[in-house]
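Residue strings, one per chain:
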Amino acid sequence: MKKNKDELFELVTEINDMHYTMNKIIIKEYQSLLDDNLSRNQTILMDIVKDYGKISIGEIARLMKITSSAVGQIVNKLEDGNYLVRTINSQNRREILVQLTDKGTRYFEKEEKINRQIINRIYTQMELSEMEELKRIITKLSNIVEKTYTKQDEEENNHD
């Protein structure tokens, strides 16, 4: 049994190393093409705003698992760069809503164009059946991870 666990460890480590190296190369290319100097948190926040359309500072904080004050600081920088705009919620005047500006929308249009270029350069070199199998395997692994950590989060919350 020990040998199997060691083999599994080695295999997972090798897969993770290859995945990390591959992503590092693609991300380096991607960032040079995107040419926007946004931090990781700024990018995450913008992705959330894109997905929701209009969203409150408090809801962003909950989704990012950071304070509303930290969200406010990130929004300030993105607003200064004209990626986002704040408005007051007409239904609840104490609530601030955030949404993409035209520049923020163009950022995501450019991102999609770059993603298509990467797919055309790299992923088209694999057979569609291989990509479908890869998706099946990653989906299975993703479901296992989600199930494992959702269960763990529930257990931790029950002990609090």
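Calculation rules
- Residues numbered from 1 in each chain as written.
- Predicted model: local features only at pLDDT ≥ 70, side-chain atom pairs only at ≥ 80, totals over all residues.
- Heavy atoms only, no water.
- Axes fitted to C-alpha atoms, helices over the stretch in contact; angles between N-to-C directions.
- Helix = DSSP H or I, 4+ residues; strand = E, 2+ residues; numbered from the N terminus.
- Parallel < 35°, antiparallel > 145°, perpendicular 65-115°, else oblique.
- Left-handed = near helix turned anticlockwise from the far one by under 90°.
- Contact = heavy atoms within 4.5 Å.
- Nonpolar A, V, L, I, M, F, W, Y, C, P; charged D, E, K, R; others polar.
- Salt bridge = Lys/Arg side-chain N within 4 Å of Asp/Glu carboxyl O.
- Buried < 20%, exposed > 50% of the residue type's maximum accessible area, 1.4 Å probe, protein only.
- Phe/Tyr/Trp six-rings, centres within 6.5 Å; stacked < 30°, edge-to-face > 60°.
- Lys NZ or Arg CZ within 6 Å of the ring centre and 35° of its normal.

A. Here's a closer look at the packing of helix H1 (residues 2–34) against helix H5 (residues 102–121). Axis separation between H1 and H5 bottoms out at 10 Å; the angle between their running directions is 140 degrees. Considered as vectors, H1 and H5 are oriented oblique to each other. Where H1 crosses over H5, the two elements pack in a sense that is right-handed. Residue-level contacts link Ile-26, Glu-29, Tyr-30, Leu-33 and Leu-34 of H1 to Tyr-107, Lys-110, Glu-111, Ile-114, Asn-115, Gln-117, Ile-118 and Arg-121 of H5. Considered class by class, the residues forming the contact of H1 with H5 number seven nonpolar, two polar and four charged.

B. Layout of the pattern of salt bridges. This structure, assessed with the given rule, holds four salt bridges. The salt bridge partner of Arg-136 is Glu-133, with a shortest N-O separation of 2.8 Å. Of the two residues, Arg-136 and Glu-133 both sit in helix H6 (residues 128–159), three residues apart, roughly one turn of that helix. Residue class for Arg-136 comes out partly exposed when judged on its relative accessible area of 47%.

C. Representation of the packing of aromatic side chains in the model. Using the criterion set out here, one finds two aromatic pairs in the structure. Residues Tyr-83 and Tyr-107 carry aromatic rings whose centres are separated by 6.1 Å and whose planes lie at 85 degrees to one another, so their mutual orientation is edge-to-face. Remark: Tyr-107 occurs in helix H5 and Tyr-83 occurs in the loop between helix H4 (68–80) and strand E2 (84–88); sequence separation between them is 24 residues. Take Tyr-83: its relative accessible area is 8%, and that puts it in the buried class. Consider the rings of Tyr-107 and Phe-108, whose centres lie 5.1 Å apart with planes at 90 degrees: the pair is edge-to-face. In this structure, Tyr-107 and Phe-108 share a single accessibility class: buried. Between Lys-103 and the ring centre of Tyr-83, over which it is positioned, the NZ or CZ distance is 4.6 Å.

D. Broad picture of unusual backbone geometry. Within the chain, Lys-65 stands out as a residue other than glycine whose phi angle is a positive 60 degrees. By the element assignment, Lys-65 lies in the loop between helix H3 (57–64) and H4. When its relative accessible area of 73% is taken as the criterion, Lys-65 is described as exposed. Not every positive phi belongs to a glycine, and Asn-82 is a case in point at roughly 65 degrees. Inspection of the secondary structure assignment puts Asn-82 in the loop between H4 and E2. A relative accessible area of 49% places Asn-82 in the partly exposed class.

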